[in-house]
Amino acid sequence: MSARSSRVARKPARERVARVPTRKSATTSTLTSRATASPAESARRYQTVALVLQGGGALGAYQCGVYEALHGAGIQPSWFAGTSIGAINAAILAGNAPERRLERLHEFWNTICEPAGTFEWPFAAGARDAFAWLPANSALSAWMGALSAVGALVQGQRGFFKPRPLPPFGQMPGSAAATSFYDTSPLKTTLERLVDFDRINSEAVRLTVGATDVHTGNFRYFDSANERIESEHIMASGALPPAFPAIVIDGAHYWDGGVVSNTPLEVLLETMPRRDTLVFQVDLWSARGIVPKTLPDVLERQKDIQYSSRTRLGTDAVTERQRLRNALSTLLARIPPKHLPPESLASLEPWLCDRIFNIIHLIYRAKPYEEQFKDYAFGASAMREHWKGGFEDMTRTLAQREFFVPPPREIGVVTHDIHRRDDDA
């Protein structure tokens, strides 16, 4: 792997503690009345605009639709964070100039939605191409999804992964062939063709991807603000066992970040120095769902819960922590310094923050005909459907101008979710 960049990591700066005048917290109606600016104009009032992308395999095309809608609205993130397929999408976005990002996303997804193998079942290619353009039909979509999933298992996906010639059983212990079913070297070639890693490491944008240390079991963020990012870091974030082998970086073995946490939101709220930030969090798994009625339902529901990373609970936890920081900052700004023992102030200082965070949350909602293999059903038809869903959900969100207004500093953090609105309706 390439040597790490010699540039020095950015040092945390002391955060300003604002002296905020006492006033009643803003209500939703107050924020709505202030929403006269377009979403793009509101976005420019933040110091950072971040796009946070969850892992979810074939469902990741939904994130591309979200980005396409943001791009069309004139909103360009400066910080991309992702896990697994979210890390791959994030790398393509961060590693290309804004005018080339959509082109590169389309090229990537059109590539990996093709089978890796040269063998095609009789008439399969023609049938697949014909069915892909038929009107939406649940039964047909379910059948095509199952066919795509079987194809992925048997042949792999072009430019992404391919099955090993021999099964892992009986291979040399400790080798990649003994610990995984598929070879991901095609992904390395694809990433190095579609991603300009020099751009990522030039500080033009920021890229953060999450992975799991196989030895310690700890979660690890690779961040272009602190180290040089290469294709291996992106592959590590998507190395889901036992399908894919661990990726070795600086002597350590890494698996998919989703093994520990599939939603890399916390890094944005915990990284110093904190900045006023507009966050677009795009999740591919819904923690909420119906009670299963069949065994396939059980397998799908288990996967939803596991990889959603209890997303709303996690979002609520990190936002409440940030609100506590803002409240402490406001409180201490009103206490005369002579009434504060130095040791108490020193212990509280790491918790003080007056930054604001606006989290706009989108969650892919699986269709009734999608089953537990939806994350590896890489068919072109499903890809287009997912992409369209992300575009439509983000377009609906952009229509809510009040969502984008920076919250008052005494509130600190707000979250918005069109799906939560729908649930509450």
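Residues numbered from 1 in each chain as written. Predicted model: local features only at pLDDT ≥ 70, side-chain atom pairs only at ≥ 80, totals over all residues. Heavy atoms only, no water.

**Overview of the overall build of the protein chain**
When its secondary structure is counted, the protein chain shows 16 helices and 11 strands. Here the analysis covers contacts within the protein chain between residues at least 6 apart in sequence; of these, 77% occur between residues at least 24 apart. Total accessible area computed for the protein chain in this model is approximately 19600 Å², and 59% of it derives from carbon and sulfur atoms. (Helix = DSSP H or I, 4+ residues; strand = E, 2+ residues; numbered from the N terminus. Contact = heavy atoms within 4.5 Å. Areas by Shrake-Rupley, 256 points an atom, 1.4 Å probe, with all protein chains shown as cover.)

**Details of the pattern of salt bridges**
Here the idea is simple: oppositely charged side chains can pair when their charged atoms come close. Evaluation of the coordinates by the stated rule reveals 19 salt bridges. Taking the shortest distance from any N to any O, the salt bridge between R104 and E107 comes out at 3.3 Å. With R104 and E107 both in helix α5 (residues 98–112) and three residues apart, the pair spans about one turn of that helix. A salt bridge links K388 to E392; the shortest N-O distance between them is 3.9 Å. Taken together, the residues span about one helical turn, with K388 and E392 both in helix α15 (residues 380–398) at a distance of four residues. The class for E392 is partly exposed, based on a relative accessible area of 40%. Overlapping salt bridges bring together D276, D354, R355 and R409 as one network. (Salt bridge = Lys/Arg side-chain N within 4 Å of Asp/Glu carboxyl O. Buried < 20%, exposed > 50% of the residue type's maximum accessible area, 1.4 Å probe, protein only.)

**Quick word on the environment of D354**
Examined against the element boundaries, D354 turns out to sit in the loop between α14 (342–348) and β10 (357–363). Taking the C-alpha atoms as reference points, D354 and S329, 25 residues apart in sequence, are found 6.4 Å from one another. Side chain to side chain, D354 and R355 meet in a polar contact 2.9 Å long. (Polar contact = N/O pair within 3.5 Å; in protein donor to acceptor, adjacent residues only side chain to side chain.)

**Observations concerning helix α12 (residues 295–308)**
A rise of 1.5 Å per residue sets the reference length of α12, with its 14 residues, at 20 Å; its end C-alpha atoms lie 20 Å apart and thus fit the reference within 8%. Regarding α12, the residues found buried are E300, R301, K303, D304, Y307 and S308. On an axial view of α12, the arc spanned by its buried residues comes to 160°, and they lie on one face. (Expected span 1.5 Å × (residues − 1). Arc of directions from axis to C-beta.)

**Here we look at the confidence of the model for the protein chain**
Residue-level pLDDT values for the protein chain average 84, and 84% of them are 70 or greater. Between residues 1–30, whose pLDDT stays under 50, and residues either more than four places distant or in other chains, the model counts 59 contacts. (pLDDT = per-residue confidence, 0-100.)

**Thoughts on the packing of aromatic side chains**
Taken as a whole and judged by the stated rule, the model has 14 aromatic pairs. With a centroid separation of 5.1 Å and 75° between ring planes, the pair formed by F222 and Y254 is classed as edge-to-face. Residue F222 is located in strand β6 (residues 219–223), and its partner Y254 is located in strand β8 (residues 252–256); the two are separated by 32 residues in the primary sequence. In this pair, the class of F222 matches that of Y254, namely buried. Ring pairs connect the aromatic residues F160, F161, Y182, F244 and F378, which therefore count as one cluster. (Phe/Tyr/Trp six-rings, centres within 6.5 Å; stacked < 30°, edge-to-face > 60°.)

**A closer look at the state of the cysteines**
Using the criterion set out here, one finds zero disulfides in the structure. C64 forms no disulfide, and the closest cysteine sulfur to it belongs to C113, at a distance of 9.7 Å. (Disulfide = S-S within 2.5 Å.)

**Structural notes on the pairing of strand β1 (residues 48–53)**
Burial analysis of β1 places six of its six residues in the buried class, the great majority of the element. Of the two faces of β1, the one holding T48, A50 and V52 and the one holding V49, L51 and L53 are both buried throughout. Sheet topology places β1 next to strand β9 (residues 277–283); six bridges connect them, and they run parallel. By the bridge assignment for β9, T48 is matched with T277. You can see the chain leave β1, run along helix α3 (residues 61–72) and come back into strand β2 (residues 79–83), and the turn it takes is right-handed. (Pairing = 2+ DSSP bridges. Right-handed = clockwise from strand over helix to strand, strands pointing away.)

**As for the nonpolar core**
Buried together is how nonpolar side chains tend to be arranged in soluble globular proteins. If you look at the biggest cluster of nonpolar residues, it comprises 73 residues, and the most contacted ones within it are W109, L207, I234 and F280. Tallying contributions element by element places helix α4 (residues 85–94) first for this core, with eight residues. Residues contacting W109, with those up to four places away along its chain left out, are G57, A58, G60, A61, C64, I85, N89, F378, M383 and W387. (Core = buried A, V, L, I, M, F, W, Y, C linked by side-chain atoms within 4.5 Å.)

**Let's talk about the environment of M383**
Within the fold, M383 resides in helix α15. It is 8.4 Å that separates the C-alpha atoms of M383 and G60, two residues lying 323 residues apart in sequence.

**Thoughts on the environment of T189**
Mapping T189 onto the fold places it in helix α8 (residues 185–194). Sequence-wise, T189 and F160 are 29 residues apart; in three dimensions their C-alpha atoms are separated by 8.7 Å.

**Comments concerning the packing of α3 against α4**
Closest axis-to-axis distance for the α3/α4 pair is 10 Å, and the angle between their directions is 35°. Where α3 crosses over α4, the two elements pack in a sense that is right-handed. Between α3 and α4, the residues in contact are Q63, C64 and Y67 and I85, G86, N89 and L93, respectively. The residue makeup of the contact of α3 with α4, split by class, is four nonpolar, three polar and no charged. (Axes fitted to C-alpha atoms, helices over the stretch in contact; angles between N-to-C directions. Left-handed = near helix turned anticlockwise from the far one by under 90°. Nonpolar A, V, L, I, M, F, W, Y, C, P; charged D, E, K, R; others polar.)

**A closer look at α4**
For α4, the buried fraction is high: 10 of the 10 residues fall into the buried class. Within the sequence span of α4, burial applies to I85, G86, A87, I88, N89, A90, A91, I92, L93 and A94.

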